[in-house]
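# Structural overview for review
Below are the chains, spelled out letter by letter.
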Amino acid sequence: MDQVTKAIAVLTLEGLPRTGPGPAVPVIGDLAGFTFHRNPGAAFGMGAGSTWIFSLFALVVLVVVIVLLRRLAHGGWAVGLGLLLGGLLGNLIDRLVRPPGFLHGAVVDFIDLRVFICNVADIAITGAAITMIWLSIRGIGIDGSREGARRERDADSAGEGPAEDTGAGPAAKEGTT
């Protein structure tokens, strides 16, 4: 979907000038619309001279996500990782095949929200971050387990399970009789 929307943006928006302070094609007045922009950097255009680093970082994250998919057992994490994977691939394709060249391609941005211009992949990555932070705050692991249950399971597997009660009373437990 990201690459389709970017292809449409290239065909219809590239070269279209802004006529005022808002987007080139206003949708919600000056607040939001469409403006074509090729972003050689990361968020807000930072690191424009280091595009190859973003490309390699995206490849590493891609591999990590694929490895994590083996442990996936929760629908929320499936949504979060799916959004992350889709967003990463969308922007990585731009960096690999768009001008000026391999690993240095500029990402096509066209959704103008006045403060910044983004694309569908950026929205997916943001949605992934929100979803995964929310799941983490709730203590839900990628394997579907809850944080408290994981701690108990880890303690049991390490031999640190709850101590057995010998029935001897508090004095025996303290070492005095």
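Residues numbered from 1 in each chain as written. Predicted model: local features only at pLDDT ≥ 70, side-chain atom pairs only at ≥ 80, totals over all residues. Heavy atoms only, no water.

### What to know about the pairing of strand β3 (residues 107-112)
The test is simple: Between buried and exposed lies partly exposed: a residue is buried under 20% and exposed over 50% of the maximum accessible area for its type, with that area taken using a 1.4 Å probe on protein chains only. Under the DSSP-based scheme used, a helix requires at least four consecutive residues in state H or I and a strand at least two consecutive residues in state E, with every element numbered from the N terminus. One requirement defines pairing of two strands: DSSP has to find at least two bridges between them.
With respect to burial, β3 is a largely interior element, six of its six residues being buried. Across two bridges, β3 lies against strand β4 (residues 117-118) in antiparallel orientation. From the neighbouring strand, Ile111 faces β4, where its bridge partner is Cys118. Hairpin connection of β3 to β4: four residues between the antiparallel strands, including Arg114 at a positive phi of 70 degrees.

### A short note on the packing of helix α3 (residues 75-97) against helix α4 (residues 120-137)
Two quantities define a packed helix pair, namely the angle between the helix axes and the distance between the axes. Put simply, the rule is: In this analysis an axis means a line fitted to C-alpha atoms, helices contributing only their contacting stretch, and an angle means the value between N-to-C directions, from 0 to 180 degrees. Here the angle decides the label: under 35 degrees means roughly parallel, over 145 means roughly antiparallel, 65 to 115 means roughly perpendicular, and every other value means oblique. Crossing chirality is assigned from the near helix's rotation relative to the far helix, an anticlockwise turn below a right angle marking it left-handed and a clockwise turn marking it right-handed. Residue contacts are counted whenever heavy atoms from the two residues lie within 4.5 Å of one another. Residues were grouped as follows: Ala, Val, Leu, Ile, Met, Phe, Trp, Tyr, Cys and Pro as nonpolar; Asp, Glu, Lys and Arg as charged; and all remaining residues, including Gly, as polar.
As a packed pair, α3 and α4 sit with axes 8 Å apart at the nearest point and diverge in direction by 150 degrees. It follows from the interaxial angle that α3 and α4 lie roughly antiparallel. Crossing hand, α3 versus α4: left-handed. Where α3 abuts α4, its residues Gly76, Trp77, Gly80, Leu81, Leu83, Leu84, Gly87, Leu88, Gly90 and Asn91 lie against Ala121, Asp122, Ala124, Ile125, Gly127, Ala128, Thr131, Met132, Leu135 and Ser136. Among the residues making up the contact of α3 with α4, the classes are represented as 11 nonpolar, eight polar and one charged.

### Examining the packing of helix α1 (residues 2-13) against α3
Their axes nearest at 9 Å, the elements α1 and α3 cross at an angle of 50 degrees. Judged on the interaxial angle alone, α3 and α1 are oblique. Contact residues: α1 offers Asp2, Gln3 and Lys6, while α3 offers Gly90, Asn91, Ile93 and Asp94. Partitioned by chemical class, the residues of the contact of α1 with α3 number one nonpolar, three polar and three charged.

### A short note on the pattern of salt bridges
Here is the rule: Every case where a carboxyl oxygen of Asp or Glu lies within 4 Å of a side-chain nitrogen of Lys or Arg is listed as a salt bridge.
Following the criterion strictly, the structure yields five salt bridges and no others. Residue Glu14 is joined to Arg38 by a salt bridge in which the shortest nitrogen-to-oxygen separation is 3.2 Å. One end of the pair, Glu14, is in the loop between α1 and β1 (25-28); the other, Arg38, is in strand β2 (residues 32-39), with 24 residues separating them in the sequence. Asp94 is the partner of Arg98 in a salt bridge, and the nearest nitrogen-oxygen pair spans 2.8 Å. Here Arg98 falls in the buried class, since its relative accessible area comes to 16%. What makes Asp94 buried here is its relative accessible area of 0%. Connected via shared salt-bridge partners are Asp2, Lys6, Asp94 and Arg98.

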